[in-house]
Amino acid sequence: MLAFPSTRLSHDKRVASFRWSRMEKRVFFRATWLPWVLLAPQLLIVAVFFFWPAGQALVQSLQQQDAFGSSVSWVGLDNFRALWNDSTYLASFQTTVVFSTLVAVLGLGCALLLAVFADRVVKGATLYKTILILPYAVAPVVSGLLWSFMFSTSIGVISWALHRLGFDWNHLLNGDHAMALVVMASVWKQISYNFLFFLAGLNAIPKSLIEAAAMDGAHPWRRFWTIQLPLLAPTTFFLLVINMVYAFFDTFAIIDSTTQGGPGKATSTLVYRVYFDGFRAMDYGGSAAQSVILMVIVIALTVVQFRYIEKKVHY
Amino acid sequence: MKLRLATAAMAALLTVSAQAATEIQWWHSMDGALNDWVNDLAKDFNASQSEFKVIPTYKGEYDQSMAAGIAAYRANNAPDILQVFEVGTATMMYSKGAVKPVAEVMKEGGAKFDPKAYIPAVSGYYTAPNGQMMSLPFNSSTTVFYYNKDAFKAAGLNPDKAPTTWPEVVSAAAKLKIAGSTCPFTTSWMTWAQLESFSTWHNTSYASKFNGFGGLDARLEFNSPLHVRHFENLANMAKQGLFVYKGRASKSQASFMSGECAMFVGSSGSYAGIKRDAKFQFAESTLPYYPDVPGAPQNTIIGGASLWVMAGKPTDHYKGVAKFFEYLSSPQVQAASHQRTGYLPITMAAFELTEKSGFYKKNPGTDVAVNQMIRKTTDKSRGVRLGNFVQIRQIVDEETEQIWIGKKTAKEALDTAVQRGNELLAKFQAANK
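What you see is a predicted model; the values in this text were computed from it and never measured.

So, on to the overall build of chain A. Scanning chain A from N- to C-terminus turns up 14 helices and 2 strands. For a compact globule of 315 residues, the expected C-alpha radius of gyration is about 20 Å, and chain A comes in at 25 Å, more than 25% above that figure. C-alpha atoms of chain A, sized along the principal axes, occupy 80 × 70 × 30 Å. A total of 315 residues make up chain A; the buried ones form 32% of that total. Nonlocal contacts in chain A, meaning residues at least 24 apart in sequence, comprise 67% of its contacts between residues at least 6 apart.

Pasting the structure below:
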């Protein structure tokens, strides 16, 4: 970025002038078009894959149209009003909060546990790591199918075992069971990703620190609690954001292949409704309005996370 | 020189395209053994003439291929023929200018086409209010009753006599339960089987305006006393462990095939699959009904799909489509398809041809579905044609699940489903004005 400074001062003087003059804190480019050209590829990608669809969603949320797009009419905020009056839509906010919190907390917790153990393993460490990373290669739909097979009320292995133990598993009618099922499938799918980052984070902690603590008589739990966990804070924060986004956006395929949002609306999260109304039911206006709301929520969440939680994170 | 080369190339191209067969793109949702069936149909047609070549492409399940077809239409890249499931009929029919009515295609293509040749309950489903047939019925099934003969024998019931009324189903279920059955009765397709088909079978309105056939301002009516009575009956059965809910769509079929559930309401199209995989004796029978309801049993409702012709294609494509549809409609092809897949025969001629061949005698029970369908339909039993139907079916699943949990009474659940569904119908009406 310093390649085209506006002044022809020598390097040292320029640095000095940056440091000392308030006016000169910024680097100036003689040609104003150049930074734009350099940024263009990135901006283009962001524009095409984010701003364009987001803008489309915004426009469609104010329209009502038939499936073929042959009759389009502007309806103002009607789509939003319909959502506001739909008690099941409001209920799905609560469902989403429960679901996302469970997925993020359990996903991070399990992955951290596995990473700490994998970090301590000496023999066959690569094998463990490879196996733990495998679920990441499984498509969400397949993950959902695997779990719904295992817990199927008529043919499932685990539901059969639970039944033998006197526990009557029935996610077809019990909302809590259904929620547990989609959370398990979603967490399982995301654990590898979290695991990788935690493992890398643990590897980055200097061994000398931990050895010093060990020599001072700190047992493993204390070493984890006072050294490893605080030093993992940046990683944890990053993963928290990623997992929230994952739970909010990427889990509709899992829900679709396990519970279809049921029983009732027990597992119908916001994003699942966007998917169902838009892609299955072809109600584009309603679906677009929902995705606009979802977009606002996630932007707000991210802002909150970066403004308040990040302040507590020490890099 | 360059110009001359170009002209030569053009001429060469033109002769090639004049000789090559016109390609007709056909998007469908038939997988597994049904995919082979569709491919064979295209192969046989292509071999029968050289002017056109039908190219079938599997585009995923029903809702996926429909979404794909609509997306392709929006991008000016639609196939010539699109297979759409019955639930999408209203969406296709009310689309402005996106589809070309089949009756028009056949007439312009100079093909033989007699809408009266079709079984009324089938053709009525796809006919516009002005009497014009909009799409070609292709694969149709209906809801039927299956039962496990071995389980009936074990419970001391007569395995050769299926319960024909709901009171008989309840008493059979009670006997099965005493004999140790953990799931005496279950059903698939809660909406299609227990509300749509239930309504037409009892000649009772599912929605106003002749179930939506009379216009876009139709509203749901499936919270009538009869419907409530039926769901109260099912709720009581569920409480006593006589009816066990086994999931949405056709998920419960696995429970019948595994022998867990003894009685089952499902699609007639499942016959071949059950026959292949079930390790017990079973039989197919007509849907149960309430004997005190006047007019019952009437006819059941179809499921399955029809073939829609997309608008905006060159004339020669339509000629090819007309030829292909003429081929598909011939009694021989229809009868062979019916016997091969278990779908309904669709035309009367195909039914008679199959009967004459002795097929029903060799495969008892396969004519149940046909007999439920080949009746004169009434305004209340012709079918259901509603917009946002995919969502409405979803709502019914959600609300009726509350009955089996015990959170809502049958009346509360059906009332809410009607109210939520009607909001969607109003929305569809506004969007398709």
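Let's pick the thread back up.
With that settled, consider the overall build of chain B. In terms of helices and strands, chain B carries 20 helices and 9 strands. For chain B, whose C-alpha radius of gyration is 23 Å, the value lies close to the compact-globule estimate of 22 Å for 433 residues. On the principal axes, the C-alpha backbone points of chain B span a range of 90 × 50 × 35 Å. Taking all 433 residues of chain B together, the buried fraction comes to 52%. For chain B, long-range pairs separated by at least 24 residues make up 75% of all intrachain contacts whose partners lie at least 6 apart in sequence.

Attention now moves to helix α4 (residues 87-120) of chain A. Under the 1.5 Å per step criterion, the end-to-end length of α4 of chain A is 50 Å for 34 residues, consistent within 8% with the ideal 50 Å. Contacts from the buried residues of α4 of chain A go to α8 (175-204), α11 (233-249) and α13 (270-280) of chain A.

Let us look at the confidence of the model for chain B. Residue and element names in this part refer to chain B. Residue-level pLDDT values for chain B average 90, and 96% of them are 70 or greater. Of the regions scoring below 50 in pLDDT, residues 12-18 engages in 0 contacts with residues more than four places distant in sequence or in other chains. On the interface metric, ipTM, the complex scores 0.79, and its pTM is 0.83.

Before going further, it helps to spend a moment on the domain arrangement of chain A. All names here are of chain A. Examined at the domain level, chain A breaks down into domain 1 (11-79) and domain 2 (84-312). Using only C-alpha atoms to locate each centre, domain 1 and domain 2 end up separated by 31 Å. Across the boundary between the two partners, domain 1 contributes 10 residues, which contact 9 residues of domain 2. Mapped onto the side of domain 1 that touches domain 2, the elements with two or more residues apiece are α2 (33-60) and β1 (63-65). Here the side of domain 1 that touches domain 2 gets 4 residues from one element, more than from any other, and that element is α2.

Before going further, it helps to spend a moment on the interface of chain A and chain B. Every contact between the two is made by 23 residues of chain A and, on the other side, 31 residues of chain B. Listing elements by their share of the side of chain A that touches chain B, those giving two or more residues are β1 and α13 of chain A. Its residues assigned to classes, the side of chain A that touches chain B comprises 9 nonpolar, 10 polar and 4 charged.

With that out of the way, let us pick up the packing of helix α9 (residues 190-201) of chain B against helix α19 (residues 389-405) of chain B. All names here are of chain B. Between α9 and α19, the shortest axis-to-axis distance is 9 Å and the interhelical angle comes to 90°. If you check the angle between α9 and α19, you find them roughly perpendicular. Together, M190, T191 and L195 of α9 and R393, V396, D397 and T400 of α19 make up the contact between the two elements. Tallied by class, residues from the contact of α9 with α19 come to 3 nonpolar, 2 polar and 2 charged.

Okay, the domain arrangement of chain B next. All names here are of chain B. Its domain assignment divides chain B into domain 1 (20-141 + 302-362) and domain 2 (143-301 + 385-431). Taken over C-alpha atoms, the centre of domain 1 sits 29 Å from the centre of domain 2. In this assembly, 14 residues from domain 1 lie in contact with 16 residues from domain 2. Only α4 (89-94) and β9 (302-310) provide two or more residues apiece to the side of domain 1 that touches domain 2. The greatest single-element share of the side of domain 1 that touches domain 2, amounting to 4 residues, is contributed by α4. Tallied by class, residues from the side of domain 1 that touches domain 2 come to 7 nonpolar, 6 polar and 1 charged.

We now examine the confidence of the model for chain A. All names here are of chain A. Confidence in the prediction for chain A averages 85 pLDDT; 90% of positions are at 70 or higher. Per-element confidence in chain A ranges from a low mean pLDDT of 44 for helix α1 (residues 11-20) to a high of 93 for α8. Note that pLDDT drops below 50 for residues 1-21; the model gives that stretch 17 contacts with residues more than four away or on any other chain.

All names here are of chain A. Across the interface, α4 lies against α11 with an axial gap of 9 Å and an inter-helix angle of 140°. Judged by the angle between their axes, α4 and α11 are oblique. Once α4 is placed against α11, the crossing between them reads as right-handed. From α4, F99, S100, V103, A104, G107 and L108 reach across to α11, where they touch T236, L239, L240, N243, M244, A247 and F248.

Our next topic: the pairing of strand β8 (residues 282-285) of chain B. Residue and element names in this part refer to chain B. The alternating pattern of β8 places F282 and E284 on a buried face, while none of A283 and S285, on the opposite face, is buried. Looking at chain direction, strand β5 (residues 136-148) and β8 are connected through 4 bridges and run antiparallel. Bridging from a neighbouring strand, Y147 pairs with A283 of β8.

Moving on, we come to the nonpolar core. Counting residues in each nonpolar core, the largest one holds 171 residues, and the members touching the most others are F198 of chain A together with V122, A173, M263 and V321 of chain B. Take this core: its biggest share by element is 12 residues, from α8 of chain A. Excluding residues that lie within four positions of it along the chain, V321 of chain B makes contacts with I24, D80, I81, V105, G109 and V309 of chain B.

The terminal C-alpha atoms of helix α2 (residues 33-48) of chain B, which comprises 16 residues, lie 23 Å apart, in line with the 22 Å expected from a rise of 1.5 Å per residue. Against β1 (22-28), β2 (52-58) and α14 (315-329) of chain B lie the buried residues of α2 of chain B.

This paragraph deals with the environment of Q253 of chain B. Residues and elements named next belong to chain B. When you line up the elements, Q253 lands in helix α12 (residues 253-257). Spatially, the C-alpha atoms of Q253 and F351 are 27 Å apart, while their sequence positions differ by 98 residues. Beyond its immediate chain neighbours, meaning those up to four positions away, Q253 contacts S188, G266 and S270.

Thresholds applied
- Residues numbered from 1 in each chain as written.
- Chains lettered and ligands numbered in written order.
- Predicted model: local features only at pLDDT ≥ 70, side-chain atom pairs only at ≥ 80, totals over all residues.
- Helix = DSSP H or I, 4+ residues; strand = E, 2+ residues; numbered from the N terminus.
- Rg over C-alpha atoms; globule rule 2.2 N^0.38 Å.
- Buried ≥ 20, exposed ≤ 12 C-beta atoms within 10 Å, placed from the backbone.
- Contact = placed C-beta atoms within 7 Å.
- Expected span 1.5 Å × (residues − 1).
- pLDDT = per-residue confidence, 0-100.
- Domains from an automatic or database assignment.
- Nonpolar A, V, L, I, M, F, W, Y, C, P; charged D, E, K, R; others polar.
- Axes fitted to C-alpha atoms, helices over the stretch in contact; angles between N-to-C directions.
- Parallel < 35°, antiparallel > 145°, perpendicular 65-115°, else oblique.
- Left-handed = near helix turned anticlockwise from the far one by under 90°.
- Pairing = 2+ DSSP bridges.
- Core = buried A, V, L, I, M, F, W, Y, C linked by C-beta atoms within 7 Å.

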